[in-house]
Every structure is written in C-alpha cells, then in structure tokens.
Amino acid sequence: MKKRLWITGYRSFELGAFNDQDPKVQVVKRAIKDDLVDEIENNDLEWLITSGQLGAEQWASETAIELKKTFPTLKIAIMLPFSDFGSQWNPEHQSALLNLRSQVDFSQSLTQEGYKSPIQLRNFQQFMLTHTDEALMVYDPENTGKADYDYKAIKEYQGKHPDYTLKLIDFDMLTDLSEEMEEERREW
C-alpha cells in the first residue's frame, strides 16, 4: 500500500534559524532527507503532505522537491488550512510559500474562507490525520512549541487508530546528526 506522510514540526523562529544558510537548517533538512529516503525505499512512501508553515514544513517540501530528481514518483502536497494562510507574513516569506506551492504536485486551501477562528486549525489537523497514514515531526516533546498542538492531536488520534504511526526527529537526534555532518566535513 502506498503511504501518505504528514510532516510538521518547529517553526524556524523556534529554532532560531532565520535564513536557509543557518547550519541548523542544513541539519534539519538532512534529517528529513534521511527519513524520506528510508520511507521511499522501504515503506512505499508516495505523498508528502504539509501546510507550508515556516520552518520544518517548508524545509521538508524543499527537501522533497530535491529528492524528486532521484525519486520521481514522490509527490508533494501543500494543503493550506484556510485561504489567506501566510498573508500576515513578511513579503519574503509570502513569496517563498508561493514559490513552493508552484513547485509541488498539488496545493489547495482546505476552505476558501480566510482565517476566522481556531476551529479551522483543528479541522485542518483532523483533515491531515484522516488523509495521511503516518506523521513525521521535527519536534521534541520536552521542548514544546507551536507544533505541540499537532503532537497532542496525533497522540490522541493514535489512541483510536493504533496503526497511525508517529516518528519524531528530536533534539538528541539533531545533535547526533550535526556531529556526524561536522565529522564528514572534516574528512573532506
């Protein structure tokens, strides 16, 4: 069975990463890439789905776009929770989201309405849970952030749907990967 993966996690500001040249971004992207390659090669991953949020979600989309060169059957979707998602961002971030949306296989808003209430975000979580088979989070439950809402929703959903899996890329994993990447650089 082909799988659909929801990727979410920390926002860029929560990690103190404010541009793509930040070494933290490269570590997160490498962690995501390693996991995606494993999912494609061993678990029949077909779709990666995000909301295009700044940080882990956009980095995942960028990574997947690069991986499509090697794995052309991988598909990427950016599902926006409401029609004016990202409109409050600065122009550079709005442009980045627009650019990403133009490169993915599918992108649409869950509703054609603009943001009205937090219920739209809960509806979005429910949509993601019922339209994916598993989740990958760049997240550490001991260091909460905005993605904690998604983490709790996934954990609650797992209580009723034990086949739904959640994999975390936590700070320990990122630290280990950072050290590994630094060692690789020194060997060059």
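Placed above this text is the structure.
Since the model is a prediction, treat every value here as computed from it, not as a measurement.

## Observations concerning the layout of surface pockets
As a volume, the largest pocket reaches approximately 540 Å³. As for the largest pocket, its lining consists of 22 residues, of which Arg11, Gln53, Phe85, Leu121 and Lys146 are closest to the centre. Of all elements in the fold, only helix 4 (119-130) and helix 5 (148-160) reach the threshold of two or more residues within the lining of the largest pocket. The element best represented in the lining of the largest pocket is helix 4, accounting for four residues. Its residues assigned to classes, the lining of the largest pocket shows 11 nonpolar, six polar and five charged. Taken as a whole, the second largest pocket encloses approximately 440 Å³ of empty space. Asp20, Gln58, Glu62, His93 and Ala96 are the residues nearest the centre of the second largest pocket, which is lined by 18 residues in total. Looking at the lining of the second largest pocket, the elements that each hand over two or more residues are helix 2 (56-67) and helix 3 (91-103). No other element matches the six residues that helix 3 contributes to the lining of the second largest pocket. Partitioned by chemical class, the residues of the lining of the second largest pocket number eight nonpolar, seven polar and three charged.

## Focus: the sheet that holds strand 6 (residues 165-169)
Read across the sheet, six strands follow the order 4-3-2-1-5-6 without closing on themselves; strand pairing throughout is parallel. The strands lining the two open edges of the sheet, one partner per strand, are strand 4 (106-109) and strand 6. Across the sheet, the mean angle from the axis of one strand to that of its neighbour is 20°, orientation sign disregarded.

## Some remarks on the environment of Leu110
In this fold, Leu110 is placed in the loop between strand 4 and helix 4. For Leu110, a relative accessible area of 31% corresponds to the partly exposed category. When the C-alpha positions of Leu110 and Ala77 are compared, they lie 12 Å apart, and in sequence the two are 33 residues distant. Apart from residues lying up to four places away in sequence, Leu110 is in contact with Met79, Leu80, Pro81, Asn123, Phe124 and Phe127.

## As for helix 2
For helix 2, which comprises 12 residues, the first-to-last C-alpha distance of 16 Å matches the rise-based estimate of 16 Å (1.5 Å per residue) to within 8%. Across the 12 residues of helix 2, 10 count as buried, placing the element largely inside the fold. On the buried face of helix 2, the contacting elements are strand 1 (3-9), helix 1 (23-43), strand 2 (45-50), strand 3 (75-80), helix 3 and strand 5 (134-138).

What counts, and at which threshold
- Residues numbered from 1 in each chain as written.
- Predicted model: local features only at pLDDT ≥ 70, side-chain atom pairs only at ≥ 80, totals over all residues.
- Heavy atoms only, no water.
- 1 Å grid on protein atoms, 1.4 Å probe; cavity = no way out; pocket = protein on both sides within 12 Å on 5 of 7 lines; lining within 4 Å.
- Points joined across faces, edges and corners; volume = space filled by probe spheres on them.
- Helix = DSSP H or I, 4+ residues; strand = E, 2+ residues; numbered from the N terminus.
- Nonpolar A, V, L, I, M, F, W, Y, C, P; charged D, E, K, R; others polar.
- Pairing = 2+ DSSP bridges.
- Axes fitted to C-alpha atoms, helices over the stretch in contact; angles between N-to-C directions.
- Buried < 20%, exposed > 50% of the residue type's maximum accessible area, 1.4 Å probe, protein only.
- Contact = heavy atoms within 4.5 Å.
- Expected span 1.5 Å × (residues − 1).

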